[in-house]
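Structural description and commentary
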There are 2 protein chains.
Amino acid sequence: MADAFNSSGASPPKTIEPTYEGDFVLDGSLPLECGHALICPTLHYAVYGRLNAARDNAVLVCHALSGSALVGSWWPEIFAPGAVLSLEHDFVICINMLGSCYGSTGPGSVNSETGEPYGPDFPLVSVRDNVRAQSKLLDSLGIRRLRLVLGGSIGGMQALEWTILHPERVERALIIGVTPLSAMGLALNHLQRQAIEHDPEWAGGRYLPQRPPRRGLSLARQIAMISYKSAPLFNERYGRNPDRSGEDPYVAEGAYGGLIGGRFDIGGYLDHQGKRFIDRFDANAYLAILRAMDTWDPIRGYSSPEEAFGRIRAKLSFVGISTDWLFPAAEVRQFAETIRQAGAHADYREMESDHGHDAFLAEQAALVRLLQ
Amino acid sequence: MADAFNSSGASPPKTIEPTYEGDFVLDGSLPLECGHALICPTLHYAVYGRLNAARDNAVLVCHALSGSALVGSWWPEIFAPGAVLSLEHDFVICINMLGSCYGSTGPGSVNSETGEPYGPDFPLVSVRDNVRAQSKLLDSLGIRRLRLVLGGSIGGMQALEWTILHPERVERALIIGVTPLSAMGLALNHLQRQAIEHDPEWAGGRYLPQRPPRRGLSLARQIAMISYKSAPLFNERYGRNPDRSGEDPYVAEGAYGGLIGGRFDIGGYLDHQGKRFIDRFDANAYLAILRAMDTWDPIRGYSSPEEAFGRIRAKLSFVGISTDWLFPAAEVRQFAETIRQAGAHADYREMESDHGHDAFLAEQAALVRLLQ
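My aim in this report is to walk through the structure given alongside it, one point at a time. (Residues numbered from 1 in each chain as written. Chains lettered and ligands numbered in written order. Predicted model: local features only at pLDDT ≥ 70, side-chain atom pairs only at ≥ 80, totals over all residues. Heavy atoms only, no water.)

What follows concerns the packing of helix α4 (residues 183-197) of chain A against helix α5 (residues 214-228) of chain B. Interaxial distance between α4(A) and α5(B) falls to 10 Å at its minimum, and their mutual angle equals 160°. Classed by the angle they form, the pair α4(A) and α5(B) counts as roughly antiparallel. In terms of crossing hand, the pair formed by α4(A) and α5(B) is left-handed. Residue-level inspection shows A:Met184, A:Ala187, A:Leu188, A:His190, A:Leu191, A:Gln194, A:Ala195 and A:Glu197 of α4(A) in contact with α5(B), the latter providing B:Arg215, B:Leu219, B:Gln222, B:Ile223 and B:Ile226. Taken together, the residues of the contact of α4(A) with α5(B) sort by class into 8 nonpolar, 3 polar and 2 charged. (Axes fitted to C-alpha atoms, helices over the stretch in contact; angles between N-to-C directions. Helix = DSSP H or I, 4+ residues; strand = E, 2+ residues; numbered from the N terminus. Parallel < 35°, antiparallel > 145°, perpendicular 65-115°, else oblique. Left-handed = near helix turned anticlockwise from the far one by under 90°. Contact = heavy atoms within 4.5 Å. Nonpolar A, V, L, I, M, F, W, Y, C, P; charged D, E, K, R; others polar.)

What follows is the structure in structure tokens.
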């Protein structure tokens, strides 16, 4: 991997290839919480390992905002021998979220009612809607019960929602670095939305595939990146160093005279992250998943936290990350405590890491050690 | 003040009127650290109180990013009887920064070499350059020595720079909520710059006065606002409440179908802050001051911290703010300690506040109590 900012020096872990990767088309309509419906939506999914005869070895992994069904590619170390999942003993399923751009129905899909891509008319598909759709896919695979459902960030939102919506179907859940978004998290998403909307190429969401709002999506990703990482990590890695490509922040460079100077290293890093992202993600899909994240509130529709969390039968484990400021560890701990007090079994443990929210992806080996 | 988000319930403190407000035109050229020069730049300034016969009662207040020379308008409570400054005993001077848009020479000023406004060609005027220019203004007023120089944020950068550049001219300095920007601070400025540059109205900095990059400047301000405030304050004030004007985040509103929903209250608050700001600030001026902030490193040009900070003769007091994450209190404390170890007299105290970086403006009475 030729990546100027892959400074860890470690070779990237091997990708685990899925046993099968394919599409499930839901038979009929998926009613949505917002009042709309998706007609025969597609869920793109991947499986790893084999379902046993008793059909009791299924594990569902739920991916984070920009993830895909290929959990073996973005979370390979949890499959390491003796780690969280076993290719020998488990049947691991991962399903691309509705609204995403990695194979499941999303804003880029054709709306059968109009014959045109949904674009900005793609409806709000909530975390709960996603869980309902996922349960239909598991039905089709003959899986009644999950040994484990797990995920970080919006993946953790789905994992918890599974235990509330389908209490009889989940044995354990592992929920990493997540609570309902706090005001600061909602603020960060509000900024990211504007970054995309302000790009003239966005065109109210009706952009041409060959002319997407690249600068807006890049800025949105960069805003997100500062919330995924931590100030200590940035200080250690980038500090006040000038950009490693040689720009001098103390002199004016480029086209704009004195107002825009050469970058510091952190600026080069963020630009690099933005550039990488626009080659692999779609702006409308990004907006769709931001909204699912914004609107997730597990007690919405119930009369009380007790009524919502009292439904849970699974054993829950929560993980907070010490330097996470998007989903602060203290709030994850408090969230687990609230759920415990509502009568569910919930424990909490904390991951010490400088990596901020991103630690569950950036420090997989440390996460595995914590979970063992 | 009709302000939906002025939730404190307190009536805004009275503005203090200056004794005099006017322009000082520097005689000749101001050479800049970047190698360029400003020809006969204007410094707009305001004074409060009267200079005594001994000329030993002068105090210089340095303003923060979007401040002006009218310190009596944005920091009135430090003039309260028994507070930090006395209208009876002190002669208080406040000078608009070069690069700003409140009367001093900036990107909106005419470049005498071209007869056109500088626009994006306005050179980098560093914090140190500003201090050099300010010293000429004080010379013109016959002020050799300052009883006190003080400021928060980039105002604190100027205050400290004064004690290094003109050690014999400063008796005391009060430096609030500031260190050289950390990597996270540089990152936040990098994001804000892009927000402005991406606005098509910015036009590479050559926008028409009647068509400024309003949306870009608004987003930049909103990014800044999250760094000026704190997560606890946002949770307490806005939480996950829907926007107070009645939008519903759970349904799609407006023109964009499902991808952009009704706002949460924090979104409404940030939009409101952005709107207020674009009516009072200029985008190029904003960029100019971001660069001055980015590039401030008080030991730059010296062989060691000891050489830079060893020059200081003033008594320094540093204030960190407990919930400031733009300039974290622990870093302000460490900065004060570094300066102390270099041989200067520096003490440190901490302001307990939920307001984050903004506390020195938002909780002036508490700041005054801390300083008494």
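Residue and element names in this part refer to chain A. Read from one edge of the open sheet, 8 strands run β1-β4-β6-β5-β9-β10-β11-β12, paired in mixed fashion. Single-partner strands in this sheet number two, and they are β1 (20-25) and β12 (345-351). Neighbour to neighbour, the strand axes of the sheet diverge by 20° on average, direction disregarded. Of the pairings in the sheet, the one linking strand β5 (residues 58-62) to strand β6 (residues 91-95) comprises 4 bridges and is parallel in character. Counted as the bridge partner of Val-59 is Val-92 from β6. Helix α2 (residues 127-140) contacts β1, β4 (42-48), β5 and β6 of the sheet and is inclined by roughly 55° relative to β4. Each of β10 (172-176), β11 (315-321) and β12 touches helix α12 (residues 364-371); the most contacted strand, β12, lies at about 140° to it. (Pairing = 2+ DSSP bridges.)

Residue and element names in this part refer to chain B. The sheet built from 8 strands is open, its strands ordered β1-β4-β6-β5-β9-β10-β11-β12 with mixed pairing. Two strands bound the open sheet, and with one partner strand each, they are β1 (20-25) and β12 (345-351). Here the average twist between neighbouring strands, direction ignored, is 20°. Of the strand pairs in this sheet, β1 and strand β4 (residues 42-48) are connected by 6 bridges, and their pairing is antiparallel. Bridging from a neighbouring strand, Glu-21 pairs with Ala-46 of β4.

The next subject is the relation of the copies chain A and chain B. Rotating chain A by 180° and moving it 0.0 Å along the rotation axis overlays it on chain B with an RMSD of 0.0 Å. Such a combination of rotation and displacement between the chain copies is what one expects of a two-fold axis. Of all interface residues in chain A, 100% are interface residues in chain B too; the two copies therefore contact each other through one and the same surface. (Least-squares fit on C-alpha atoms with pLDDT ≥ 70 in both.)

In this fold, A:Pro107 is placed in the loop between β6 and β7 (110-111). Since its relative accessible area comes to 2%, A:Pro107 is described here as buried. For the pair formed by A:Pro107 and A:Asn284, sequence separation is 177 residues and the distance between their alpha carbons is 6.1 Å. Beyond its immediate chain neighbours, meaning those up to four positions away, A:Pro107 contacts A:Gly99, A:Ser100, A:Pro117, A:Tyr118, A:Gly119, A:Phe122, A:Asn284, A:Ala285, A:Ala288 and B:Leu259. (Buried < 20%, exposed > 50% of the residue type's maximum accessible area, 1.4 Å probe, protein only.)

The subject of this paragraph is the pairing of β4(A). All names here are of chain A. Summarising burial for β4: 7 of the 7 residues are buried, a large majority. Burial of β4 is two-sided: the residues Thr-42, His-44, Ala-46 and Tyr-48 facing one way and the residues Leu-43, Tyr-45 and Val-47 facing the other way are all buried. Of the strand pairs in this sheet, β4 and β6 are connected by 4 bridges, and their pairing is antiparallel. From the neighbouring strand, Ala-46 faces β6, where its bridge partner is Cys-94.

All names here are of chain A. Considering all chains together, one arrives at 1 cavity of 30 Å³ or more under this definition. Taken together, Leu-65, Leu-181, Gly-185, Leu-188, Asn-189, Gln-192, Ala-224, Ser-227, Tyr-228, Leu-290, Met-293 and Leu-326 make up the lining of the largest cavity. For the lining of the largest cavity, the element with the highest residue contribution is α4, accounting for 4 residues. (1 Å grid on protein atoms, 1.4 Å probe; cavity = no way out; pocket = protein on both sides within 12 Å on 5 of 7 lines; lining within 4 Å. Points joined across faces, edges and corners; volume = space filled by probe spheres on them.)

With that settled, the discussion passes to the packing of aromatic side chains. For any pair of aromatic rings, the description rests on two quantities: the centre-to-centre distance and the angle between the ring planes. Per the counting criterion, the structure on display carries 33 aromatic pairs over all chains. When the centroid spacing of 6.2 Å and the interplanar angle of 75° are considered together, the rings of B:Tyr250 and B:Phe264 count as edge-to-face. Here B:Phe264 lies in the loop between α6 (231-237) and α7 (265-278) and B:Tyr250 lies in the loop between α6 and α7, a separation of 14 residues in the sequence. Directly above the aromatic system of B:Tyr250 lies the positively charged group of A:Arg300, at a separation of 3.5 Å from the ring centroid. (Phe/Tyr/Trp six-rings, centres within 6.5 Å; stacked < 30°, edge-to-face > 60°. Lys NZ or Arg CZ within 6 Å of the ring centre and 35° of its normal.)

To continue, consider unusual backbone geometry. Residues and elements named next belong to chain B. Non-glycine residue Cys-40 carries a positive phi angle of around 45°. Considering the arrangement of structural elements, one finds Cys-40 in the loop between β3 (37-39) and β4. The class of Cys-40 is partly exposed, set by a relative accessible area of 37%. For Ala-203, which is not a glycine, the phi torsion comes out positive at approximately 55°.

Another aspect to go through is the interface of chain A and chain B. Often, the extent of an interface is quoted as the loss of accessible area on bringing the components together. Each partner contributes residues to the interface: chain A has 66 residues there, and chain B has 66 residues. Overall, the association of chain A and chain B removes approximately 5300 Å² of surface from exposure, summing both partners, and the carbon and sulfur fraction of that is 65%. The three residues of chain A that bury the most area against chain B are A:Arg240, A:Tyr250 and A:Leu259, which together make up 15% of that side's buried surface. Connecting chain A to chain B are 0 salt bridges. Of all the secondary structure elements, the ones that give two or more residues to the side of chain A that touches chain B are α4, α5 (214-228), α6 (231-237), α7 (265-278) and α8 (283-295) of chain A. It is α4(A) that contributes the most residues to the side of chain A that touches chain B, 11 residues altogether. (Buried area = accessible area lost by both parts, 1.4 Å probe. Salt bridge = Lys/Arg side-chain N within 4 Å of Asp/Glu carboxyl O.)

A few words on the environment of B:Tyr228. Residues and elements named next belong to chain B. Among the structural elements, Tyr-228 can be located in helix α5. On the accessibility criterion, Tyr-228 (12% relative accessible area) is buried. Measuring from C-alpha to C-alpha, the distance between Tyr-228 and Tyr-48 comes to 28 Å, with 180 residues separating the pair along the chain. Sequence-distant contacts of Tyr-228, defined by excluding residues within four places in its chain, comprise Leu-65, Arg-221, Tyr-286, Leu-326, His-355, Gly-356, His-357 and Asp-358.

As a further point, take the packing of helix α4 (residues 183-197) of chain B against helix α8 (residues 283-294) of chain B. Residue and element names in this part refer to chain B. Contact geometry of α4 with α8 gives a least axis separation of 11 Å together with a crossing angle of 160°. Judged by the inter-axis angle, α4 sits roughly antiparallel to α8. α8 is crossed by α4, and the crossing has left-handed handedness. Here Leu-186, Asn-189, Gln-192, Arg-193 and Ile-196 of α4 lie close against α8, whose contacting residues are Ala-283, Tyr-286, Leu-287, Leu-290, Arg-291, Met-293 and Asp-294. Tallied by class, the residues present in the contact of α4 with α8 amount to 7 nonpolar, 2 polar and 3 charged.

To continue, consider α7(A). For α7(A), built from 14 residues, the straight-helix expectation of 20 Å at 1.5 Å per residue is met to within 8% by its first-to-last C-alpha distance of 20 Å. Of all 14 residues in α7(A), 12 are buried; the element is thus mostly enclosed. Every buried residue of α7(A) is accounted for by A:Asp265, A:Ile266, A:Gly267, A:Gly268, A:Tyr269, A:Leu270, A:Asp271, A:His272, A:Gln273, A:Gly274, A:Phe277 and A:Ile278. Where α7(A) is buried, its residues contact α5, α6 and α8 of chain A together with α4 of chain B. (Expected span 1.5 Å × (residues − 1).)

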